[in-house]
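Breakdown of the fold
Chain by chain, the residues run as shown.
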Amino acid sequence: MEKLYGFALKQGIGAPSVPIVKENERVKRGQLIAKCPSDKLGNHIHSSITGTVKSIDETNILIQADEEQSPEFIELVSDSPLDLIKEAGIIGLGGAGFPTVVKLSHRFDNKGTILINASECEPILSHNIKRTEKNPAEIIRGIEIVMDLTNATDAIIAIKGYHDAAIAALKNVLPEKIQIHELPNIYPVGDERAVVRECLDILLDVDQLPLAADAIVINLETVFRIYQAVDLKKPLIDKDLTVAGKLVDSGAIKTYFDEPLGMKFSAMFDLAGGIGKEYGEIVEGGPFMGKRAGLDDYLHKTTGGLIASEVFWNGPEKLGLLVCACGAHKDRLSEIAESMGSEIAGIEYCKQAIEVKGTLKCTNPGICPGQVQKVMALKKAGAQAVLISNCTDCSNTVMSCAPQLKLPVYHATDGSLRACNLKLVRRMKSTT
Ligand code: SF4
């Protein structure tokens, strides 16, 4: 059977890459197939498989994989660590997709801290924590490379306190200059500004970058891929991810390591034992921030999760939407409402959700400003129930008022969490 791999020309933040291969050309695993334009922000793209280029259009390169594949790859050729990271095409793998070479081009003058975001904040996703358990020494090596490049004096690994095995694995190999900070188990403690607040006790404004706190935040898998680029000369061609939900093995949560980029989502579900006969939607990413995807989509650099959600349940005739900056936004909530067969009676935004350059940002992620007024406004607009995307703390607040107003509460994460038999986001306590 023909095995096609798809490589989007635009992956992460920046301009699309420009193909440098032609149709019918033979390519090897690790070979550069699309280049970031030299004057633009973006990233290079390499083939993760050996095969023949089948087609090229404005958005994708499709490659037909050979029957036989080897884990070997064409090595990077640059000399310096920063050039290797650039050549490897590494971007922020936690979902942001910002080119890592740009982030690491900053050098601290005096004190500077590297914050490793190992929070794996979204429920269900668990590949970062499993990778930490598997490869703690390689992760520490990646952090040391980052510290050298940026002249950082300290590094802190931010990880939820309940991940005992991962923390123990890190402690076995931890040098003195790198510390561990245990985070509470709340959403969105992995937001970049929340990580700065939790680790450094500095609350950044919505338009400030971590550099304003003399810090750089970098995702855990990104650090692992930096180690591979610098020490193994390996381009970014493989990805860790979690596959979960309505599988044949129903409710399972499975982690995968070094799966080739460009793989079809359907092939990932096959690897997980097959998708169940009935499911609601495919969610790419985590339950809070994930987006609806299709089985024919391809694994790309920022894909961290694939979840087959629970079949949609019927909602009331009129739903009120309460939008969080750090969870599903208006369009995603509207999509879920439509799948529930509900009309939208009104839309409210958490008062801490501020628009900055076209994106919603929370002024203090995960610390509730109160939601009673917003819920009452939705009731007044005619809502018979509310569909919310709020953080853990704000969902607690909604639960303290909506039931009194006789408004049932649905959360954007319900379909994914139900599919994995996990507790729904309603009244939740923070645990460490
Ligand atoms: S405070 Fe509001 S905007 Fe901020 S994370 Fe919570 S629900 Fe979202």
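Just so it is clear, the model here is predicted, and its values are computed rather than measured. (Residues numbered from 1 in each chain as written. Predicted model: local features only at pLDDT ≥ 70, side-chain atom pairs only at ≥ 80, totals over all residues.)

1. Quick look at the environment of N151
Position of N151 among the secondary structure elements: in the loop between α4 (136-150) and β9 (154-160). A residue is classified by how many C-beta atoms lie within 10 Å of it, and N151, with 13 of them, is partly exposed. For the pair N151 and T303, spaced 152 residues apart in the sequence, the C-alpha separation amounts to 30 Å. Not counting residues within four places of it along the chain, the set of residues in contact with N151 comprises R107, F108 and G112. (Helix = DSSP H or I, 4+ residues; strand = E, 2+ residues; numbered from the N terminus. Buried ≥ 20, exposed ≤ 12 C-beta atoms within 10 Å, placed from the backbone. Contact = placed C-beta atoms within 7 Å.)

2. Considerations on the site of the ligand
Among the 15 residues in the neighbourhood of the ligand, the closest are listed as C324, C350, C362, C391 and C394. The residue inventory of the shell around the ligand, partitioned by class, reads twelve nonpolar, three polar and no charged. (Near = placed C-beta within 6 Å. Nonpolar A, V, L, I, M, F, W, Y, C, P; charged D, E, K, R; others polar.)

3. A word on the pairing of strand β7 (residues 60-65)
Residues I61, I63 and A65 line the buried face of β7, whereas the alternating positions N60, L62 and Q64 sit on a face that is not buried. Sheet topology note: the strand β1 (residues 4-8)/β7 ladder contains five bridges and is antiparallel. Counterpart to L4 in the pairing with β7 is Q64. Strand direction decides the pairing type here: strand β6 (residues 51-56) and β7, joined by five bridges, are antiparallel. The residue of β7 that forms the bridge with I56 is I61. The antiparallel hairpin formed by β6 and β7 contains three residues in its connecting segment. (Pairing = 2+ DSSP bridges.)

4. Regarding unusual backbone geometry
Excluding glycine, a negative phi dihedral is what most residues carry, and trans is how most peptide bonds are arranged. In this structure, the amide linkage connecting Y187 to the following residue, P188, adopts the cis form with an omega of 5°. Turning to its location among the elements, P188 is positioned in the loop between β10 (178-183) and α6 (192-200). Phi at N24 takes a positive value of approximately 75°, unusual for a residue other than glycine. In this structure, N24 sits in the loop between β2 (18-19) and β3 (26-27).

5. Notes on α4
Taking 1.5 Å per residue, 15 residues should reach 21 Å; α4 reaches 21 Å between its end C-alpha atoms and fits that length. The element α4 is largely enclosed, with a buried count of eleven among its 15 residues. Every buried residue of α4 is listed here: P136, I139, I140, G142, I143, E144, I145, V146, M147, L149 and T150. Remark: N151 follows α4 within two positions and exhibits a positive phi of approximately 60°. (Expected span 1.5 Å × (residues − 1).)

6. Regarding the domain arrangement of the chain
Assigned domains of the chain: these are domain 1 (4-65), domain 2 (81-231), domain 3 (238-308) and domain 4 (318-419). Here the C-alpha centroids of domain 1 and domain 3 sit 22 Å apart. Taken together, the contact pairs nine residues of domain 1 with nine residues of domain 3. By residue number, the principal contributor to the side of domain 1 that touches domain 3 is β1, which donates four residues. For the side of domain 1 that touches domain 3, the class distribution of residues is five nonpolar, four polar and no charged. (Domains from an automatic or database assignment.)

7. Focus on the packing of helix α3 (residues 127-134) against helix α7 (residues 220-231)
Interhelical geometry of α3 versus α7 gives an angle of 45° and a closest axis separation of 9 Å. In this view, α3 runs oblique relative to α7, as classed from their interaxial angle. Judged by the twist between their axes, the crossing of α3 over α7 is left-handed. Residues N128, R131 and T132 of α3 form the contact with α7, whose participating residues are L220, E221 and F224. (Axes fitted to C-alpha atoms, helices over the stretch in contact; angles between N-to-C directions. Parallel < 35°, antiparallel > 145°, perpendicular 65-115°, else oblique. Left-handed = near helix turned anticlockwise from the far one by under 90°.)

8. Quick look at the sheet that holds β2
On the basis of which strands lie adjacent, the open sheet formed by three strands has the order β2-β4-β5 and antiparallel pairing. The strands lining the two open edges of the sheet, one partner per strand, are β2 and β5 (45-46). Where strand β4 (residues 32-35) meets β5, two bridges bridge the pair, whose relative direction is antiparallel. Pairing of L32 across the sheet is with H46, part of β5.

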